[in-house]
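Each chain is listed here by its residues.
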Amino acid sequence: MKIVIVDENPIRAVILEEGLREAGLGQVQRIGEMNNLLARIYAIDPDVILIDLENPSRDTLEQMFQVSRAVRRPVAMFVDQSDAVSIQRSVDAGVSAYIVDGLKKERIKSILDLCVSRFNAFSKLQSELERAKDDLEQRKDVDRAKGILMKSKNISEDQAYRLMRSAAMRENKKIGDIARSIIMARELLK
């Protein structure tokens, strides 16, 4: 597992590095300055990002949130102090674990495991949501295409569906693709 630590404070970063090495995780890189952070993280392409912010300013937090949104990796954020707004913004930005005043090397492995597990669970939920949205859109397209066929060919709903299904099988396409083609053809012929 490739891990990147984002921390401007070398003493605090060593605590994270030692905790990771003691847990048997040796592929660790540290980014010690915030300049061009997103590009540097992209270049490293880590599996997990650990961000350690002693007293984060609003600008620093916003930069961390941009990284979290853009990279789509498990992110654990360690802070010394926090408030409800910062916690909510972190969660909204995709931070998997937000740890307040919890920087102890003995806890790093369990926090890392939690971070990865929460990220994977959230990613699974997001994938399921996207599939459900796609399925709903496909159903809407199929219903609309059935309506177009029923009206233009003067056939029943069942006949329209069978016609689309046979076209999908014949062309080795999904029925949703056939439905979108019918809708597009209808739009072009208007």
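Definitions and cut-offs
Residues numbered from 1 in each chain as written. Predicted model: local features only at pLDDT ≥ 70, side-chain atom pairs only at ≥ 80, totals over all residues. Heavy atoms only, no water. Helix = DSSP H or I, 4+ residues; strand = E, 2+ residues; numbered from the N terminus. Rg over C-alpha atoms; globule rule 2.2 N^0.38 Å. Buried < 20%, exposed > 50% of the residue type's maximum accessible area, 1.4 Å probe, protein only. Contact = heavy atoms within 4.5 Å. Areas by Shrake-Rupley, 256 points an atom, 1.4 Å probe, with all protein chains shown as cover. Lys, Arg positive; Asp, Glu negative; His and termini not counted. Charge placed at Lys NZ, Arg CZ, Asp CG, Glu CD. Right-handed = clockwise from strand over helix to strand, strands pointing away. Expected span 1.5 Å × (residues − 1). Arc of directions from axis to C-beta. Polar contact = N/O pair within 3.5 Å; in protein donor to acceptor, adjacent residues only side chain to side chain. 1 Å grid on protein atoms, 1.4 Å probe; cavity = no way out; pocket = protein on both sides within 12 Å on 5 of 7 lines; lining within 4 Å. Points joined across faces, edges and corners; volume = space filled by probe spheres on them. Nonpolar A, V, L, I, M, F, W, Y, C, P; charged D, E, K, R; others polar. Patch = residues over 30% accessible without salt bridge, like charges linked within 9 Å, V, L, I, M, F, W, Y side chains within 5 Å. Salt bridge = Lys/Arg side-chain N within 4 Å of Asp/Glu carboxyl O. Pairing = 2+ DSSP bridges. Axes fitted to C-alpha atoms, helices over the stretch in contact; angles between N-to-C directions. pLDDT = per-residue confidence, 0-100.

K.L.:
Looking at this model, I keep getting lost on the overall build of the chain. Mind explaining?
P.N.:
A count of helices and strands for the chain gives seven helices and five strands. Order of helices (α) and strands (β) in the chain, N terminus to C terminus: β-α-β-α-β-α-β-α-β-α-α-α. Here the C-alpha atoms of the chain give a radius of gyration of 25 Å, more than 25% beyond the 16 Å that 2.2 N^0.38 yields for 190 residues. For the chain, the spread of C-alpha atoms along the three principal axes comes to 75 × 35 × 30 Å. The proportion of buried residues among the 190 residues of the chain is 36%. Considering only intrachain contacts with a sequence separation of at least 6, the fraction spanning at least 24 residues in the chain is 61%. Surface accessibility of the chain: about 11500 Å² in total, with carbon and sulfur atoms responsible for 50%. Considering the chain, the positive charge centre built from 32 side chains and the negative charge centre built from 30 side chains are found 10 Å apart.

K.L.:
Got a minute to help me understand the pairing of strand S1 (residues 3-6) in this structure?
P.N.:
Every regular strand shows the same layout, with side chains that alternate between the two sheet faces. Neither face of S1 is exposed, since Ile-3 and Ile-5 on one face and Val-4 and Val-6 on the opposite face are all buried. Regarding topology, helix H1 (residues 10-22) serves as the crossover connection from S1 to the parallel strand S2 (residues 28-31), and that connection is right-handed.

K.L.:
Just to check I follow, could you spell out H1 for this structure?
P.N.:
Working note: α-helix, 3.6 residues per turn, so residues spaced by three or four point in the same direction. The first and last C-alpha atoms of H1 sit 18 Å apart over 13 residues, in line with the 18 Å expected at 1.5 Å per residue. Turning to H1, its buried residues number three or more, namely Arg-12, Ala-13, Leu-16, Glu-17, Gly-19 and Leu-20. Buried positions in H1, seen along its axis, are confined to an arc of 160° and lie on one side of it. Away from its buried face, by an angle of more than 90 degrees, H1 presents the exposed residues Ile-11 and Glu-22. Tucked inside the fold, the buried residues of H1 contact S1, S2, strand S3 (48-53), strand S4 (75-79) and helix H5 (108-153). Two or three places before Ile-11, at the start of H1, stands the capping residue Asn-9, its side-chain oxygen 2.9 Å from that residue's backbone nitrogen. In the segment just after H1, Gly-24 is the residue with positive phi, at about 85°.

K.L.:
Can you walk me through the layout of surface pockets in this structure?
P.N.:
To find leftover empty space, a probe the size of one water molecule is rolled over the atoms. Roughly 330 Å³ of volume is contained in the largest pocket. Looking at the lining of the largest pocket, the elements with two or more residues in it are helix H3 (58-71), helix H4 (84-93) and H5. With six residues, the single largest contributor to the lining of the largest pocket is H5. In terms of residue class, the lining of the largest pocket is made up of six nonpolar, five polar and five charged.

K.L.:
What is the right way to read a nonpolar patch on the surface from this model?
P.N.:
Together, Met-184, Leu-188 and Leu-189 give the surface a local cluster of nonpolar side chains, amounting to about 410 Å² of exposed area. One can find Met-184 in helix H7 (residues 175-189). Residue classification places Met-184 among the exposed residues on the basis of a relative accessible area of 54%.

K.L.:
Help me understand the sheet that holds strand S5 (residues 97-100) in this model?
P.N.:
In a beta sheet, neighbouring strands are held together by backbone hydrogen bonds and run either parallel or antiparallel to one another. Overall, parallel pairing links the five strands, which are arranged S2-S1-S3-S4-S5 in an open sheet. In this open sheet, the two strands that pair with only one neighbour each are S2 and S5. Sheet twist, expressed as the average angle between the axes of neighbouring strands with direction ignored, equals 15°. Relative to S3, S1 is paired through four bridges, and the arrangement is parallel. Residue Ile-3 lies in a different strand from S3, and its bridge partner there is Val-48. Here H1 sits on the sheet in contact with S1, S2, S3 and S4, set at roughly 170° to S2. Across the sheet, H5 lies against S1, S3, S4 and S5, angled at about 135° from S4, the strand it touches most.

K.L.:
Teacher, can you tell me more about the confidence of the model for the chain here?
P.N.:
Residues shown with low pLDDT carry predicted positions that ought not to be read at fine detail. The predicted model of the chain has a mean per-residue pLDDT of 87, with 96% of residues at 70 or higher. Averaged pLDDT values over the elements of the chain bottom out at 73 in H3 and peak at 96 in helix H6 (residues 157-171).

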